[in-house]
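Structural features, examined
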Amino acid sequence: MTPHPGEVTLHYLWMLRPKAQLSSVLEITPQWLQERGIRGLLLDLDNTLVPYKFKGEAPEAIIAWVRGLEAAGVRVFLVSNARRKRLKAWSAKLGVEGIGLAGKPWFGIRKGLKQLGLPASQVAVVGDQVFTDILGGNLAGAYTVLVTPISDKELGYTKLVRQLERLILKQ
């Protein structure tokens, strides 16, 4: 269908829309994943698992959640645009492998899929940002899950992008 002059077409927005929206990663259970045919998770770090720039101990609830997923046979891997040193520290705290400075949305998701050794159709990409986590996951053909950011502390740039995300999610 040809758009009328001045009409904006929104057919490309599928790339920016998550398949699911949840308030927390803790809502993702082995049963929830099994119902969707998901066997692996690519998880963002900042404002998805822990607050941005948080340097404390790993939250017990998150550690227990990761252990429960792994016990159920779900493969878990961190994919973050955070610095490698930060990602490495959190990998150790959570007991999960990962990559930092991942280059999401373009490179990190594909690297993570390779590490999991699963087809994209069996992997969920979980994060708090539309233009990194959701776009990257959708472009790779994975199931995408947008979670509510844990904290509103973040880069100034990210705060601006959040405004655009809200507009897109309303469409």
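To be clear, the structure that these remarks concern was listed above.
Predicted, not measured: the structure shown is a model, and the values here were computed from it. (Residues numbered from 1 in each chain as written. Predicted model: local features only at pLDDT ≥ 70, side-chain atom pairs only at ≥ 80, totals over all residues. Heavy atoms only, no water.)

Remarks on the pattern of salt bridges
Throughout the structure, instances matching the rule amount to five salt bridges. Arg 67 is the partner of Glu 70 in a salt bridge, and the nearest nitrogen-oxygen pair spans 3.3 Å. One end of the pair, Glu 70, and the other, Arg 67, are both in helix H2 (residues 60–71), three residues apart, so they sit about a helical turn from each other. Judged by relative accessible area, which is 35%, Arg 67 ranks as partly exposed. Across the salt bridge formed by Asp 133 and Lys 104, the nearest N and O atoms sit 2.6 Å from each other. One end of the pair, Asp 133, is in helix H5 (residues 130–140); the other, Lys 104, is in the loop between strand E4 (98–99) and helix H4 (108–116), and 29 residues separate them in sequence. Overall, the relative accessible area of 2% leaves Asp 133 in the buried class. (Salt bridge = Lys/Arg side-chain N within 4 Å of Asp/Glu carboxyl O. Helix = DSSP H or I, 4+ residues; strand = E, 2+ residues; numbered from the N terminus. Buried < 20%, exposed > 50% of the residue type's maximum accessible area, 1.4 Å probe, protein only.)

Some remarks on the packing of H4 against H5
For the pair H4 and H5, the least separation of the axes is 9 Å and the interaxial angle reads 60°. As summarised for this structure, H4 and H5 are arranged oblique, according to the angle between their axes. Both H4 and H5 take part in a crossing whose hand is right-handed. Packed against H4, whose contacting residues are Ile 109, Arg 110 and Leu 113, the element H5 presents Gly 136, Gly 137, Leu 139 and Ala 140 at the interface. Its residues placed into classes, the contact of H4 with H5 shows four nonpolar, two polar and one charged. (Axes fitted to C-alpha atoms, helices over the stretch in contact; angles between N-to-C directions. Parallel < 35°, antiparallel > 145°, perpendicular 65-115°, else oblique. Left-handed = near helix turned anticlockwise from the far one by under 90°. Contact = heavy atoms within 4.5 Å. Nonpolar A, V, L, I, M, F, W, Y, C, P; charged D, E, K, R; others polar.)

Considering a positive patch on the surface
Together, Lys 53, Lys 55, Arg 83 and Lys 85 make up a region of like positive charge exposed at the surface. The topology assignment puts Arg 83 in the loop between strand E3 (75–79) and helix H3 (84–94). (Patch = residues over 30% accessible without salt bridge, like charges linked within 9 Å, V, L, I, M, F, W, Y side chains within 5 Å. Areas by Shrake-Rupley, 256 points an atom, 1.4 Å probe, with all protein chains shown as cover. Lys, Arg positive; Asp, Glu negative; His and termini not counted. Charge placed at Lys NZ, Arg CZ, Asp CG, Glu CD.)

Notes on the packing of aromatic side chains
Applying the stated criterion across every chain yields a total of two aromatic pairs. Seen from their ring centres, Trp 32 and Tyr 143 are 5.9 Å apart, and the 85° between their planes marks the pair as edge-to-face. Here Trp 32, found in helix H1 (residues 30–35), pairs with Tyr 143, found in strand E6 (residues 143–147); they are 111 residues apart in sequence, far enough to count as distant. On the accessibility criterion, Trp 32 (13% relative accessible area) is buried. Its end group placed over the ring of Trp 90, Lys 93 keeps NZ or CZ at 4.2 Å from the ring centre. (Phe/Tyr/Trp six-rings, centres within 6.5 Å; stacked < 30°, edge-to-face > 60°. Lys NZ or Arg CZ within 6 Å of the ring centre and 35° of its normal.)

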